[in-house]
Amino acid sequence: MHTACGLDCYDACSIIVEDDSFKIKGDASHPAGNGALCALLNKYMFETPRIEKPRVDGVEVSMDEALEAVAKAFKADKSLLWRGSGNLGVMQEVTNLFMEKIEGSLTKGSLCDGAGDAGIVMGRGVNKTLPLEQIEKAEVVVVWGRNVTVTNSHIMPYLEGKKIVVIDPVRTHIAKKADFYLQIAPRTDYYVAIMLARFIFMEDSDATEWMDEFASEHEDFYDFTREHRIKSILEYIGVDLGDMGRMLNYLRNRKVVFLVGAGVQKYSTGSYVLHAIDSLASTLGLFGQEGCGVSYLGNSKLGFDNPFSVMCNRVQKATTNFSDFDTVLVQGGNPAASMPDTNRVKKELEGVANLIYFGVHENETSQLAKIVIPAKNFFEKEDLRLSYGHQYVEAMKKVLDSEIGISEYDFTKSLFDAFGLAGLQEESYYIDAWMDQCSKEGENHVTASYETLPYADGFGEEGDDEFEFIEEYDDDFINTKRFRKYRKTSKNKKKDETFWLLSPKSNKSLNTQFVREDKVQLHPELGYGEGERVKISSEHGEHEFSVKLNEDLRLDCVVITSNTVGLNYLTPAILSEEGESACYQEVKVEIERI
Ligand SMILES: Nc1nc2c(c(=O)[nH]1)N[C@H]1C(S)=C(S)[C@@H](COP(=O)(O)OP(=O)(O)OC[C@H]3O[C@@H](n4cnc5c(=O)[nH]c(N)nc54)[C@H](O)[C@@H]3O)O[C@H]1N2
Ligand SMILES: Nc1nc2c(c(=O)[nH]1)N[C@H]1C(S)=C(S)[C@@H](COP(=O)(O)OP(=O)(O)OC[C@H]3O[C@@H](n4cnc5c(=O)[nH]c(N)nc54)[C@H](O)[C@@H]3O)O[C@H]1N2
Ligand code: SF4
Ligand SMILES: [Mo]
């Protein structure tokens, strides 16, 4: 039997299940797989204890009693569904249909890729996924703020035999193997892209003919890049002219793919970064060409008619005021740890009369909930999986029977029944509605918007618009007092210094699912010892961590992976300027011995 991994990951692996023994393995024949599953599925997911029994007010009850308590909670005036990304199956959204019927609220915006997505839409009109076959045909792959060996390991076979360039403040595993590595200061990617574009124009390496047809405002863009002073900006990025020259050698007259990750855009200015990278790509004429393009987290639902799209009031996901609601259903998420500004979030969640947690594992949010409903995991229910990393669509088949938990569909059905509502179709109706909109490429299903050469005819919804270059950049953060103080004191003693807080993903967890961590990674030159306990603080909060030395970091950064308990006490409850996205890395922290 076949199914697919439901975890929130670029790869969306196809899985082969041996029927009687329930042994799972990767599907070697699938274009997005190499026969291997990652350690999360081989080990950590199955070692993590499940929530087995429902609870109401801390007391274990039967599923029927728990669902009755849920129905009663939804009789209250104001209710909210806050959905996380614990499972990326499309059936997660079936609960929308109930929220619409009771005129409840949903969320808008993003904890994840929203800022970058907004930047892409500003330039290209729509965010199409770059198909794997174009990555395969590239000569040069620029891995730009994506930690591919951890978060996207099944892309690795596609990088073989290519020139690899890495742009990342951390010397990652792929950076060590790269042909060229730029260890830039965090939050300077916008400038990197603008500088590279400026040099390409200066030396007449730009794709003038392509731009005349598809991006005709290129003269204005060249003028815009010239408003940026070269010397001070290169210093700010932490590179020199030689680095830029070497970088250009990989970009000039080559088939280039940029693999851009979430790392570049966890800032208020995240949309500008993707817009600038896309503008650089246009300067090189990389759209709609074989072996070229910009791959980011694509909009996998583009082109689909979504049976779960509803008209509901929506509140911000990254800065939700939970206490505005009587009843909050948290489904497949862990806002008490994954949202920014944990001090604020916990206080807000404590102010909710009926907090319902619907998930697979215990976490910070289940600990605060009045009602806890165990969910079935993705092996135990029917679903369908799209990917933000590639074009393939997989059926997620039920391959395991379990006494534990309830599926999102059955949960929704029980609420429709309790409220005497009509209009919910059979489960298979919805799965078929998605599958029927896919097309077939050989043996595999691909998304509704799949094209082998996206943007070949042009940009925008209809494909007949031009690319719009970036033409402005506003940055409040570097003008704040805090930042100036940092600049002035950076030559002072270490204890006065502030550090960028980077929070990439870990290979033992999927966000806050599975193995949790308590470490902060520091450069050995900062003078702390392995295992030493330190307090990390920001203007938003503080938390204690244990030191792990890592000489692959820049001296102005600390790293705390996103599965670390207490990380988000340090991060700000702000939204990106475009894209309504969390800005986890818009923060500087201090280190103190304890
Ligand atoms: N094993 C595993 N896989 C996962 C996940 C997981 O938790 N575990 N999570 C999944 C999810 S939800 C997502 S969104 C994706 C995200 O996966 P990625 O796109 O890989 O994002 P991150 O791991 O957050 O960060 C990627 C890289 O950005 C770098 N970085 C940080 N700041 C900057 C910067 O200012 N500029 C540049 N150029 N680089 C910077 C970091 O050092 C890191 O190497 O991964 C998915 N895959
Ligand atoms: N500081 C910092 N914070 C971050 C990030 C960062 O880079 N830095 N990354 C952000 C990103 S990219 C993301 S995507 C968010 C993720 O944040 P969330 O969306 O809150 O995801 P998780 O924390 O992984 O919690 C997922 C929960 O879903 C439950 N679950 C799993 N499968 C199912 C299922 O089938 N049904 C139901 N009902 N529940 C299920 C699990 O029990 C798990 O506890 O975190 C964000 N938080
Ligand atoms: S978490 Fe990602 S790499 Fe691991 S099995 Fe699932 S889809 Fe594949
Ligand atoms: Mo994410």
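To start, this report covers the structure provided alongside it. Quick caveat, the model's predicted, so the values are computed rather than measured. (Residues numbered from 1 in each chain as written. Chains lettered and ligands numbered in written order. Predicted model: local features only at pLDDT ≥ 70, side-chain atom pairs only at ≥ 80, totals over all residues. Heavy atoms only, no water.)

**What about the packing of aromatic side chains?**
Part 1 of the argument: Per the counting criterion, the structure on display carries 31 aromatic pairs.
Part 2 of the argument: Their ring planes at 85° and their centres at 6.2 Å tell us that Trp210 and Phe459 sit as a pair that is edge-to-face. With Trp210 in helix H10 (residues 208-214) and Phe459 in the loop between strand S20 (444-446) and helix H20 (481-489), the pair connects residues that are 249 residues apart, well separated along the chain. Both residues of the pair, Trp210 and Phe459, count as buried.
Part 3 of the argument: The interplanar angle of 90° and the centroid separation of 5.1 Å between the aromatic rings of Tyr429 and Tyr430 together place this pair among those described as edge-to-face.
Part 4 of the argument: With relative accessibility at 44%, the residue Tyr429 sits in the partly exposed group.
Part 5 of the argument: An aromatic cluster of three or more residues is present, and its members are Phe201, Trp210, Phe214, Phe221, Tyr222, Phe287, Tyr455, Phe459, Phe467 and Phe469.
Part 6 of the argument: Over the ring of Trp82 we find Lys317; its NZ or CZ atom is 5.1 Å from the centre of that ring. (Phe/Tyr/Trp six-rings, centres within 6.5 Å; stacked < 30°, edge-to-face > 60°. Helix = DSSP H or I, 4+ residues; strand = E, 2+ residues; numbered from the N terminus. Buried < 20%, exposed > 50% of the residue type's maximum accessible area, 1.4 Å probe, protein only. Lys NZ or Arg CZ within 6 Å of the ring centre and 35° of its normal.)

**A word on the pattern of salt bridges**
Part 1 of the argument: Per the stated rule, a full pass over the model turns up 26 salt bridges.
Part 2 of the argument: A salt bridge links Lys301 to Glu93; the shortest N-O distance between them is 2.9 Å. Taken as a pair, Lys301 in the loop between strand S12 (293-295) and strand S13 (313-316) and Glu93 in the loop between strand S6 (79-83) and helix H3 (95-101) lie far apart in primary sequence, 208 residues in all.
Part 3 of the argument: The exposure class assigned to Glu93 is buried, which follows from its relative accessible area of 17%.
Part 4 of the argument: The residue Glu532 makes a salt bridge to Arg593 at a minimum N-O spacing of 2.7 Å. Linking Glu532 in the loop between strand S24 (519-522) and strand S25 (533-537) with Arg593 in strand S28 (residues 588-593), this pair joins segments that are 61 residues apart in sequence.
Part 5 of the argument: By sharing partners, the salt bridges in this structure join Glu517, Asp518, Lys519 and Arg533 into a single network. (Salt bridge = Lys/Arg side-chain N within 4 Å of Asp/Glu carboxyl O.)

**Brief notes about the site of ligand 2**
Part 1 of the argument: Ser85, Ser338, Glu408, Lys505 and Thr512 are the nearest of the 34 residues found near ligand 2.
Part 2 of the argument: Between ligand 2 and Gly332 there is a distance of 3.1 Å, counted from an oxygen atom to a backbone nitrogen or oxygen.
Part 3 of the argument: In this structure, Phe358 approaches ligand 2 through a main-chain N or O atom, which is 3.1 Å from a nitrogen atom.
Part 4 of the argument: Here ligand 2 has 930 Å² of accessible area as a free molecule, and 97% of this is covered by the chains.
Part 5 of the argument: In terms of residue count, strand S15 (residues 354-359) provides more of the shell around ligand 2 than any other element does, three residues in total.
Part 6 of the argument: Among the residues forming the shell around ligand 2, the class breakdown is nine nonpolar, 19 polar and six charged.
Part 7 of the argument: In terms of domain composition, the shell around ligand 2 takes at least three residues from each of domain 1 (2-111 + 302-446) and domain 3 (477-593). (Near = heavy atom within 4 Å. Polar contact = N/O pair within 3.5 Å; in protein donor to acceptor, adjacent residues only side chain to side chain. Areas by Shrake-Rupley, 256 points an atom, 1.4 Å probe, with all protein chains shown as cover. Nonpolar A, V, L, I, M, F, W, Y, C, P; charged D, E, K, R; others polar. Domains from an automatic or database assignment.)

**Comments concerning the site of ligand 1**
Part 1 of the argument: Not every one of the 37 residues close to ligand 1 is listed here, only the nearest: Tyr10, Asp168, Asp189, Lys266 and Ser509.
Part 2 of the argument: A distance of 2.8 Å separates an oxygen atom of ligand 1 from a polar backbone atom of Ala262.
Part 3 of the argument: Bound to the protein, ligand 1 loses 98% of the 930 Å² it would expose on its own.
Part 4 of the argument: Sorting the residues of the shell around ligand 1 by element identifies helix H6 (148-151) and strand S22 (509-510) as the ones contributing at least two each.
Part 5 of the argument: Considered class by class, the residues forming the shell around ligand 1 number 19 nonpolar, 11 polar and seven charged.

**Focus: the side chain of Ser268**
Part 1 of the argument: Relative to the helices and strands, Ser268 resides in the loop between strand S11 (256-260) and helix H14 (270-283).
Part 2 of the argument: Only 3.4 Å separates the side chain of Ser268 from the side chain of Arg187, close enough to count as a polar contact.
Part 3 of the argument: Apart from residues no more than four positions distant in its own chain, Ser268 is found in contact with Arg187, Ser576, Glu577, Cys583 and Glu586. (Contact = heavy atoms within 4.5 Å.)

**Observations concerning the sheet that holds S12**
Part 1 of the argument: Strand order in this open sheet of five strands is S10-S9-S8-S11-S12, and the pairing throughout is parallel. Both edges of this open sheet fall to strand S10 (180-182) and S12, since each of them pairs with a single strand only. Taken pair by pair, the neighbouring strands of this sheet meet at an average axis angle of 15°, ignoring direction.
Part 2 of the argument: Bridging between S11 and S12 involves three bridges; their strand directions are parallel. Within S12, the position partnered with Leu259 by the bridge is Ser295.
Part 3 of the argument: Sheet strands touched by helix H13 (residues 241-251): strand S8 (140-144), strand S9 (163-167), S10 and S11. Its angle to S10, the strand with the most contacts, is close to 130°. (Pairing = 2+ DSSP bridges. Axes fitted to C-alpha atoms, helices over the stretch in contact; angles between N-to-C directions.)

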